[in-house]
Amino acid sequence: MSAIIENNAAAEAAEPRQDRWLTFNILRYDPTDPGSAPHLRPYRIEEADSMTLFIALNEIRERQDPTLKFDFVCRAGICGSCAMMVNGRPKLACRTLTSSLPLENTLAPLPFFELIGDLSVNTGKWMRGMSERLRTWLHAREDKPDLRRIEERMDPDLAEQIYELDRCVECGCCVAACGTARMREDFAGAVGFGKIARFRLDPRDVRTDDDYYELIGDDTGVFGCMSLLACHDVCPKSLPLQTQIAFLRRRMAMTGTGL
Amino acid sequence: MKTIVTDVLVIGGGLAGLRMAIAARRRGHNAIVLSLVPPKRSHSAAAQGGMQASLANVSKGAGDNEDVHFEDTVRGSDWGADQVVARMFVNTAPKAVRELAAWGTPWSRLRKGDHEVIINEQKVTLAERAGAHGLIAQRDFGGTKKWRTCYVSDGTGHAMLFTTSDQAIRHGVEVHERTEALALIHDGERCHGAVVRDLVTGELAAYLARATAIATGGAGRLYRVTTNAVICEGIGHALALETGVAALGNMEAVQFHPTGIFPAGILVTEGCRGDGGLLRDVDGHRFMPDYEPEKKELASRDVVSRRMEEHIRSGKGAPTRFGPHLWLDITLLGRRHIEHNLREVKEICQSFLGIDPAESWIPVRPAQHYTMGGVRTDHTGQSPHLKGLFAAGEAACWDLHGFNRLGGNSVAETVVAGMIVGEFIADFCDKPENAVPVPLTLAREFVQREEEKLAAILTSGGHENPFQLCSEMQEIMTHYVGIFRQGDALLAGVVHLQRLLERSREIGISGKSRAANPELVAAYRFRRMLKLALTIAYGAYRRTESRGAHFREDFPRRNDQEWLKRTLAFWPDEGASLPQLDYEPLDVMKMELPPGWRGYGAKNYIDHPDTPRRQQEVDALRARMQDKDRHAIQHALMPYADELPALLAGRNERLDEPLETVQ
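Owing to the predicted nature of the structure, the values given are computational and were not obtained by experimental measurement.

*Asks:* Even after reading the chapter, I still don't get the overall build of chain A, so can you show me in this structure?
*Replies:* In terms of helices and strands, chain A carries ten helices and seven strands. C-alpha extents for chain A along the principal axes are approximately 60 × 45 × 30 Å. The buried share of chain A, taken over its 259 residues, is 58%. The long-range share in chain A, meaning contacts at least 24 apart out of those at least 6 apart in sequence, stands at 64%. Roughly 10700 Å² of accessible area belongs to chain A as shown, and the carbon and sulfur atoms make up 50% of that amount.

Here it is, written out as C-alpha cells:
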C-alpha cells in the first residue's frame, strides 16, 4: 500500500525527465464468476523515474481499479511471487523497470498454472506437487544426527556450486516459457530438473543416478525436453539450466541403457 | 460451517512456523500451517547476511562461545531481553545451524590458508587453520565481539527457508496456502484455533486445534518506508490483541535498519558493512568513526541508524528533491568479493538502481526493519494469558531481543524458537488434560461474527477508501513514531491515529465480490493494523526514557530505575480507541549480566537500585569460582539448562572445545 509513496519518492528523487504516459493492456478474467469472460482492459498511468511494475500495478489498483488481482510479496526480486507475462515474455514484475518498456504494453498471467484471477496464478500448488513427485529434499544417511557435534565438512567451492543451483525461487518463469509443458501437463519442468541437479551434486544426499532415473528418466522428465531452452533464457536468477539439463539427460541416458 | 480439526494449527508459513510444524509432526502430531502465500515466498527468504551461532570456526571467531553470544545479545537489547531466554537461544543456535547443514543448507564454507579481507579500510591478511577447512564459515556483523554470523553467500534466509520448507514437505506438513486467519477462537481462558478465510474462494472455516501458534512475522507495513515484504502487516499480532485476553509485549520497540536503499527501502544486508563496507556523507567523508570510535559502522543497528539521521540533520546528507540520503560504499571490497559473497546485493543494485556496486556507491537511509515487540510468551513460547496460544519468531515477544535486535539474531531466532517452542507445543499436545472436546458451538459463534463483519464492509455505504487510510496511517507512523521520538509529537500521533480509527468506521468498497477481493482484504486488515499502530504510538508516548531502538529526545537517558520493565498491551474493549498498558518488571537480582554500558552508543543511564548489589554478587561469585570452568560459573549465576527441551539440551562441540573434554 505504500507503493504510491515509493513511487512519489522515486519520482522526486530523480532528475526531472520527459513525462511518458504508459498504457497497460491487462488480461482480466475472474474464473469464479460465470459472467466473466477473458478480455484485455487498458489502463493509462504517468511514468515516474525508477518506476517498476510493482509500483505501476499498485498505483492502478489504488487509484483506478481496486478489483485488479496480482501477487507481490518481497517487491525486491527475491521471493518469486510476481512472475507474469510482460509483452509476451515471463518476467518478475517487481524488478521490471518501466523505463525498459515501450508506451503500449500487454500484461497477462503466466500460462500453464491454475488461474486465480487476472494476473494471479497458483504457482505454489504446482510447485508443492512437483516437490512431492521429485522428492526434492535431501535424503541424508542419518535421519537424526547428533546436533552437539561439529558439522560434516564440505569443500568451499562445492558449497558455492550447490548454492548456485539452490538460488531458484520457484517463480515459474521457466515452466511458463517451456514448449514441452505447453503439450504435456505432467512435465517436470526446468525447475524440477534444476532441483534434481542440485541434490545430485550434494554429497550429503545418498541417492544414486538409478534413483534419479526413477524420478525423471522418461518423457515426463528429462527426456521430454526438446532443448528449446527458453527456460534458460527467461530465468530471472540466470541459473545455468541449459548445462544442467544437458548433463542430466546424458547421465540419465547412460543410467537407462546400463552404461 | 466448514470445520477442520487438527492437533497443531500454525498461523504463518515462514521459518518459525514451518519449523514448529516439523517438530510437532516428528512427535506424532498432525499440523496444519496457514500461509498467506506459498511458504517459500515468506519474508524469511529476505534475510540476506546470515544467522548468528557461536561455532568459532574462523580465525576471527577464535574464543567465541555461548557466553560471548549471550553478552552481545543482552547488550544489544539494552538489557530489555529475558536473559534465560537469551541463554536458551545461544545454546541452541549452533544446533540449529548444524541441523540445517544436515538437512542440506549450502552454508558457505571456510577455506584454509591466507586470505585478504578489508577491516577498517585496511587490507588485512587472515590465516585460517587447516583443521577448520570445510567447516561452516562466519562473517562479521554489527554489535558482536566475534565473527559469528554463518551465511550462505548473501542469500541465507532463502537457502534456510527452502531447506526447511522441503523438510516440511518430506514430513507431510499440510500447508493451506492463500488462507488468512481472521480471529482466534477462544473462551477467554483457552485458545481453540482460528476462523480462517480462503483468500481465493472467500469461504470461511473454523480450524480447531489443541495448540495454536502465531508465526506471522513483523509489522513493517505500518510504516511508509520499510524493508519488509508487503505481507508483513502485523496481522498475527493483531489477532492476539483482539482476543482482549492475550498481551503484546514492547510494541514501541521498532528497529530501523541503517541501509535501506533510498528511497524505496529495499534492504541491502548488514553483511556489506560486516565485510568492510563504509558509510559516507555528501562530501564522501566516512563519518561513523567521528561518532562511534570503537565500533564505527558496526555498532548496533539502533545506534548506527540514529547516528546516520543525526548526521543528516547536521546537513551532511546528499540532497535530492525527495530528501537527503547517505552513501554505502562497498567498492573497496573488490568485484570478486561482491560477485561471490554479496551477489544478491549486486542484483538488487542492478535491478532497482541501475548501478554496479563494485563501481558506484549505494544511496541509503535507515528504513523500518524489525518488530521487536510481539505476542508476549513465557520461555516455552506459550501466552501466559491465553492457554493453548503459542507464538515464535518476529511475531513473538519471547523476549530475546528486548529493545534492539542484533543483526543475524532474527533469522537465527526463527529456527531456534521453532525448534524449542515446537517441542513445547508437542509436550502440550501430549498431555491428556489438554485434550479438550471440540467446541463447535463456540466456533460457530466466532465464524458468524466474522461473517457479519465482512458483510458489514461489503454492504457499507461509507465513503472512506481503505488504501487511502492506510497510506495516511503509514505517514503518521513515519512522521511521529520514527527513529527520533518526542512526547508532544507522540501524543499528536496518537490523536491522529484515533481520528483514523473514527474514519475507518466509514470504509466503503466498490468491488462486492466475496471471493478473491484485494479491496475487501485491505478494508478488514486496516482496522487491525491501526490498533497495532496505536499500541506502538501510545506505548512510545508512555515510556519516558530511551532504551535500544526507542529513543526519546525529551528523555535521552536509559532509566533502569523506572523503566527496566516490559510493556504489556491489552485491548479488552472492542470499542476502545487505546490499548490498556501494564508493565512487567525485570528482576535485576536474577540477571547473569546486570545492566551497564553497552560498549557503544551513549554512556548515559540511570541505574536500577538493585544493580550495584547484583553486580557485587556477580563479581564475588566470579572471583570465588575463578578456577572453575565457564559452564559451572554460568550455572551458578543463572541456571537455565533445565528449561530447555531434553532433545535440545547439551553442550556444543567446537574445534577448541571437543565434546569429550567439556562434558
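*Asks:* Help me out: how do you make sense of the side chain of Glu347 of chain B in this one?
*Replies:* Examined against the element boundaries, Glu347 of chain B turns out to sit in helix 10 (residues 343-353). Since its relative accessible area comes to 16%, Glu347 of chain B is described here as buried. When residues no more than four places from it in sequence are discounted, the contact partners of Glu347 of chain B are Arg95, Arg167, Pro236 and Lys237 of chain A.

*Asks:* What should I look at first to understand the sheet that holds strand 19 (residues 396-397) of chain B in this one?
*Replies:* To summarise the sheet geometry, strands pair through backbone hydrogen bonds and adopt either a parallel or an antiparallel arrangement. Residue and element names in this part refer to chain B. Here five strands make up an open sheet; going across it, the order is 19-17-12-23-24 and the pairing mixed. Two strands close off the open sheet at either side, each with one partner strand: strand 19 and strand 24 (580-585). Two elements, strand 12 (residues 248-249) and strand 23 (residues 565-570), share two bridges in a ladder whose sense is antiparallel. In the strand pairing of strand 23, Gly249 is matched with Leu568. Of the strands in this sheet, strand 12, strand 17 (374-376) and strand 23 are in contact with helix 5 (residues 235-242), which crosses strand 17 at around 35 degrees.

*Asks:* Would you mind showing me how to read the environment of Ala159 of chain A here?
*Replies:* Topologically, Ala159 of chain A is positioned in helix 4 (residues 156-166). With relative accessibility at 1%, the residue Ala159 of chain A sits in the buried group. C-alpha separation for the pair Ala159 of chain A and Gly221 of chain A, spaced 62 residues apart in sequence, amounts to 26 Å. If we skip the residues at most four places from it in the chain, Ala159 of chain A touches Met154 of chain A together with Pro106, Trp107 and Arg109 of chain B.

*Asks:* Teacher, can you tell me more about the interface of chain A and chain B here?
*Replies:* The parts lose accessible area when they come together, and the size of an interface is often stated as this lost area. Listed per partner, the contact involves 80 residues of chain A and 93 residues of chain B. Contact between chain A and chain B buries roughly 7200 Å² in total, counting both sides, with carbon and sulfur atoms accounting for 54%. At the junction of chain A and chain B, the tally comes to twelve salt bridges. A salt bridge links Glu347 of chain B to Arg167 of chain A; the shortest N-O distance between them is 2.8 Å. Taken together, the links from chain A to chain B amount to 38 residue pairs in polar contact (both at pLDDT 80 or more).

*Asks:* Just to check I follow, could you spell out the nonpolar core for this structure?
*Replies:* Across soluble globular proteins, nonpolar side chains have a tendency to be buried as a group. Phe24, Ile26, Leu57, Leu107 and Ile216 of chain A together with Ile330 and Ile362 of chain B are the most contacted members of the largest nonpolar core, which totals 107 residues. Sequence-distant contacts of Ile26 of chain A, defined by excluding residues within four places in its chain, comprise His39, Leu40, Arg41, Tyr43, Leu57, Ile60, Leu68, Leu107 and Leu119 of chain A. If you look at the next biggest cluster of nonpolar residues, it comprises 85 residues, including Cys191, Val254, Phe446 and Ile507 of chain B.

*Asks:* Is there a simple way to explain the layout of surface pockets in this structure?
*Replies:* Within this model, the largest pocket holds a volume of roughly 970 Å³. Forming the boundary of the largest pocket are 38 residues, of which His115, Tyr151, Arg336, His337 and Asn341 of chain B lie nearest the centre. Elements represented by at least two residues in the lining of the largest pocket include exactly helix 4 of chain A together with strand 4 (113-119), strand 5 (122-128), strand 6 (138-139) and helix 9 (335-341) of chain B. In terms of residue count, the dominant contributor to the lining of the largest pocket is strand 4 of chain B (seven residues). Here the residues of the lining of the largest pocket sort into 15 nonpolar, ten polar and 13 charged.

Definitions and cut-offs
Residues numbered from 1 in each chain as written. Chains lettered and ligands numbered in written order. Predicted model: local features only at pLDDT ≥ 70, side-chain atom pairs only at ≥ 80, totals over all residues. Heavy atoms only, no water. Helix = DSSP H or I, 4+ residues; strand = E, 2+ residues; numbered from the N terminus. Buried < 20%, exposed > 50% of the residue type's maximum accessible area, 1.4 Å probe, protein only. Contact = heavy atoms within 4.5 Å. Areas by Shrake-Rupley, 256 points an atom, 1.4 Å probe, with all protein chains shown as cover. Pairing = 2+ DSSP bridges. Axes fitted to C-alpha atoms, helices over the stretch in contact; angles between N-to-C directions. Buried area = accessible area lost by both parts, 1.4 Å probe. Salt bridge = Lys/Arg side-chain N within 4 Å of Asp/Glu carboxyl O. Polar contact = N/O pair within 3.5 Å; in protein donor to acceptor, adjacent residues only side chain to side chain. Core = buried A, V, L, I, M, F, W, Y, C linked by side-chain atoms within 4.5 Å. 1 Å grid on protein atoms, 1.4 Å probe; cavity = no way out; pocket = protein on both sides within 12 Å on 5 of 7 lines; lining within 4 Å. Points joined across faces, edges and corners; volume = space filled by probe spheres on them. Nonpolar A, V, L, I, M, F, W, Y, C, P; charged D, E, K, R; others polar.

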